[in-house]
Amino acid sequence: MTQQQRSTAQWRELDAAHHLHPFTDTASLNEQGVRMITHADGIYLWDSEGNKITDGMAGLWCVNIGYGRKDLSEVAKRQMDELAYYNTFFKTSHPAVVELSHLLAQVAPAGFDHVFYTNSGSESVDTMIRMVRRYWDVKGKPQKKTLIGRWNGYHGSTIGGASLGGMTYMHEQGELPIPGIAHIEQPWYYKHGKDMTPEEFGVAAARWLEDKILEIGADKVAAFVGEPIQGAGGVIIPPSTYWPEIERICRKYDILLVADEVICGFGRTGEWFGQQHFGFKPDIFTTAKGLSSGYLPIGAVFVGNDVAATIAAGGDFNHGFTYSGHPVAAAVAHANVKALRDEGIVQRVKEETGPYMQQRWRETFGQFEHVDDVRGVGLIQAFTLVKNKATRELFDNWGEMGTMCRDIFFGNNLIMRACGDHMVSAPPLVITKAEIDTMLGTAARSVETFEKKLRERGLA
Ligand code: PMP
């Protein structure tokens, strides 16, 4: 350990004194004190008090390969010794970024032979926004500028990403969205499906895009952007009819289709990319997280061949980051993607652990009185806390019950996340069947405690 050893209390004090946390109410955090995570292995974290914690969220949906892979740290060291940094701006490249690009073209769906590198999901999304607008400029249709996203979608925290995302609590801070962004409603069957079958609802929800295109004017719309499965919005899984209908509408009106694969990419659904699970073909897709399993910050925008050719035909594309294609991040991403493929990790999610998780997840949570819409694909799953299952009534004060439930899980040393009153989970893809059983045992005990608390508080 290279850090200085301190007591938990000392770390807490220094953290409160000097560290501003993301998406955090600082005053309230500093009152409680942070939990110090000191090391990790496989699907487990340890805190500074020696507690072993099951990470049911793979960090922030990113540690696909699991923690503690020494081969990745060795690759990083070797690359740092050899070429710690060089840029790719001025007619130069380096072996690490060339090898990664070659490998990514192999694991990507057909027609995606090019990538543009970033350092995060947000930067991938901002890069995509600029690329989409540049595409239409080069095509001689500069009036096609508007990108359509979805309410409750999440596309990052930069000004572009936060604008395109549909989190109103983010828009409220900083006068967002920027111009040229529009939103449609999310395909949440449980809430909006009413008397329709899921298949009917999927088509109806996709038609909201058509309505919006007609409202704005197809000649002004550049792209539709969506996560194959909305992650931070609470693991909203659209019916099977949704994406094919979205694709048909985009083609009809000559609008680029963009998938934000930052969470779904690199095996989360059991396919390499979420678009393959749903059977649609975007023009561009954004990635980060699972690309390096979070071992180093790196993102990539996968550019379809038509868009890549158009951007190339336009001469200079005036965009890039000092660390685009950073050698150490690229070398680690290469080793990570190679391991996800060659060790059969993605395939195991599709054939074995994914189906097992989904079966056990439904068995475990289907029985509770205040748990409904138990859902998931591969190793991304969720359920929703509800007041009344029969009437699909949600709790008042959206998010309060989720936070209460999440805290009970944390207390039992299992990390799951509350997105409003959706309880979500996305563990490392290396989780075993035995570990799934143990995790769900703890989760079931936590929900029992939650329902007991509801009764004690007179809320149920
Ligand atoms: N897009 C999606 C779909 C995401 O889930 C996230 C992060 N959760 C982002 C973009 C932003 O990624 P980052 O936090 O790496 O900037």
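Everything quoted here is computed from the prediction, not taken from an experiment.

Conventions adopted
- Residues numbered from 1 in each chain as written.
- Predicted model: local features only at pLDDT ≥ 70, side-chain atom pairs only at ≥ 80, totals over all residues.
- Heavy atoms only, no water.
- Helix = DSSP H or I, 4+ residues; strand = E, 2+ residues; numbered from the N terminus.
- Rg over C-alpha atoms; globule rule 2.2 N^0.38 Å.
- Buried < 20%, exposed > 50% of the residue type's maximum accessible area, 1.4 Å probe, protein only.
- Contact = heavy atoms within 4.5 Å.
- Pairing = 2+ DSSP bridges.
- Salt bridge = Lys/Arg side-chain N within 4 Å of Asp/Glu carboxyl O.
- Expected span 1.5 Å × (residues − 1).
- Near = heavy atom within 4 Å.
- Polar contact = N/O pair within 3.5 Å; in protein donor to acceptor, adjacent residues only side chain to side chain.
- Areas by Shrake-Rupley, 256 points an atom, 1.4 Å probe, with all protein chains shown as cover.
- Nonpolar A, V, L, I, M, F, W, Y, C, P; charged D, E, K, R; others polar.
- Axes fitted to C-alpha atoms, helices over the stretch in contact; angles between N-to-C directions.

Enquirer: Looking at this structure, I do not really get the overall build of the chain. What am I missing?
Expert: Per the secondary structure count, the chain includes 17 helices and 16 strands. Its C-alpha atoms give the chain a radius of gyration of 22 Å, within 12% of the compact-globule value 23 Å for 460 residues. C-alpha atoms of the chain, sized along the principal axes, occupy 65 × 60 × 45 Å. Looking at the 460 residues of the chain, the share that counts as buried comes to 54%. For the chain, restricting intrachain contacts to residue pairs at least 6 apart in sequence, the fraction spanning at least 24 positions comes to 69%.

Enquirer: I would appreciate a short explanation of unusual backbone geometry in the present structure.
Expert: Put simply, leucine 176 and proline 177 share a cis peptide bond, and its omega is 0°. Relative to the elements of secondary structure, proline 177 occurs in the loop between helix H8 (168-171) and strand S6 (181-184). In this structure, alanine 58 takes a positive phi of about 45° despite not being glycine. Relative to the helices and strands, alanine 58 resides in helix H3 (residues 58-61).

Enquirer: Help me understand the pairing of strand S3 (residues 52-55), please; the structure alone is not making it clear to me.
Expert: Within a regular strand, the side chains alternate between the two sheet faces. Across three bridges, the pairing between strand S2 (residues 44-47) and S3 is antiparallel. Counterpart to tryptophan 46 in the pairing with S3 is lysine 52. In textbook terms, the turn of a hairpin is the stretch between consecutive antiparallel strands, and for S2 and S3 this stretch comprises four residues, one of which, glycine 50, has a positive phi near 90°. Relative to strand S14 (residues 414-415), S3 runs parallel, the two being bridged by two bridges. Across the sheet, residue aspartate 55 finds its bridge partner in S14, namely isoleucine 415.

Enquirer: Any chance you could explain the pattern of salt bridges here in plain terms?
Expert: Side chains that carry opposite charge are capable of pairing whenever their charged atoms lie near each other. By the definition in use, this model includes 22 salt bridges. Of the charged contacts in the structure, one is a salt bridge between arginine 406 and aspartate 407, with a shortest N-O distance of 3.1 Å. The exposure class of arginine 406 is partly exposed, given its relative accessible area of 24%. The exposure class assigned to aspartate 407 is partly exposed, which follows from its relative accessible area of 41%. Each of Arg69, Asp71 and Glu343 takes part in a single network of salt bridges with overlapping partners.

Enquirer: I would appreciate a short explanation of helix H14 (residues 327-342) in the present structure.
Expert: Helical periodicity: at 3.6 residues per turn, an α-helix aligns residues three or four positions apart in one direction. With 16 residues, H14 ought to run about 22 Å at 1.5 Å a step, and its terminal C-alpha atoms sit 22 Å apart, in line with that. For H14, the buried fraction is high: twelve of the 16 residues fall into the buried class. Of all the positions in H14, only Pro327, Val328, Ala329, Ala330, Ala331, Val332, Ala333, Ala335, Asn336, Val337, Ala339 and Leu340 are classed as buried. Of the surrounding secondary structure, the elements contacted by the buried residues of H14 are helix H4 (70-83), helix H5 (95-107) and helix H15 (345-365). Directly beyond the C-terminal end of H14, a positive phi value near 70° is found at glycine 344.

Enquirer: Mind showing me how you'd approach the site of the ligand here?
Expert: Neighbouring residues of the ligand: Ser120, Gly121, Ser122, Tyr154, His155, Gly156, Glu227, Asp260, Val262, Ile263 and Lys289. Side-chain polar atom of serine 122 to an oxygen atom of the ligand: 2.5 Å apart, as the coordinates give it. Between the ligand and aspartate 260 there is a distance of 2.7 Å, counted from a nitrogen atom to a side-chain nitrogen or oxygen. Relative to its unbound accessible area of 390 Å², the ligand is 83% covered by the protein chains. Looking at side-chain class alone, the shell around the ligand contains three nonpolar, five polar and three charged residues.

Enquirer: Can you help me understand the sheet that holds strand S8 (residues 256-260) in this one?
Expert: Pairing between the strands of a sheet comes from backbone hydrogen bonds, and it takes one of two forms, parallel or antiparallel. Here we have seven strands laid out as an open sheet, ordered S4-S10-S9-S8-S7-S5-S6, and mixed in their pairing. Whereas interior strands pair on both sides, the edge strands pair on one side only; in this sheet they are strand S4 (114-118) and S6. Looking at each pair of strands side by side, their axes are set apart by 20° on average, direction ignored. As judged from the three bridges shared by S8 and strand S9 (residues 284-287), these two strands associate in the parallel manner. When the bridges of S9 are listed, valine 258 appears paired with isoleucine 284. Sitting on the sheet, H5 touches S4 and strand S10 (299-303), and the angle it makes with S4 is about 130°.

Enquirer: What is the right way to read the sheet that holds S3 from this model?
Expert: Pairing is mixed in the open sheet, where four strands are placed in the order S1-S2-S3-S14. For this open sheet the edge positions go to strand S1 (37-41) and S14, each flanked by a neighbour on one side alone. Here four bridges tie S1 to S2, and the two strands are oriented antiparallel to one another. Within S2, the residue paired with aspartate 41 across the bridge is tyrosine 44.

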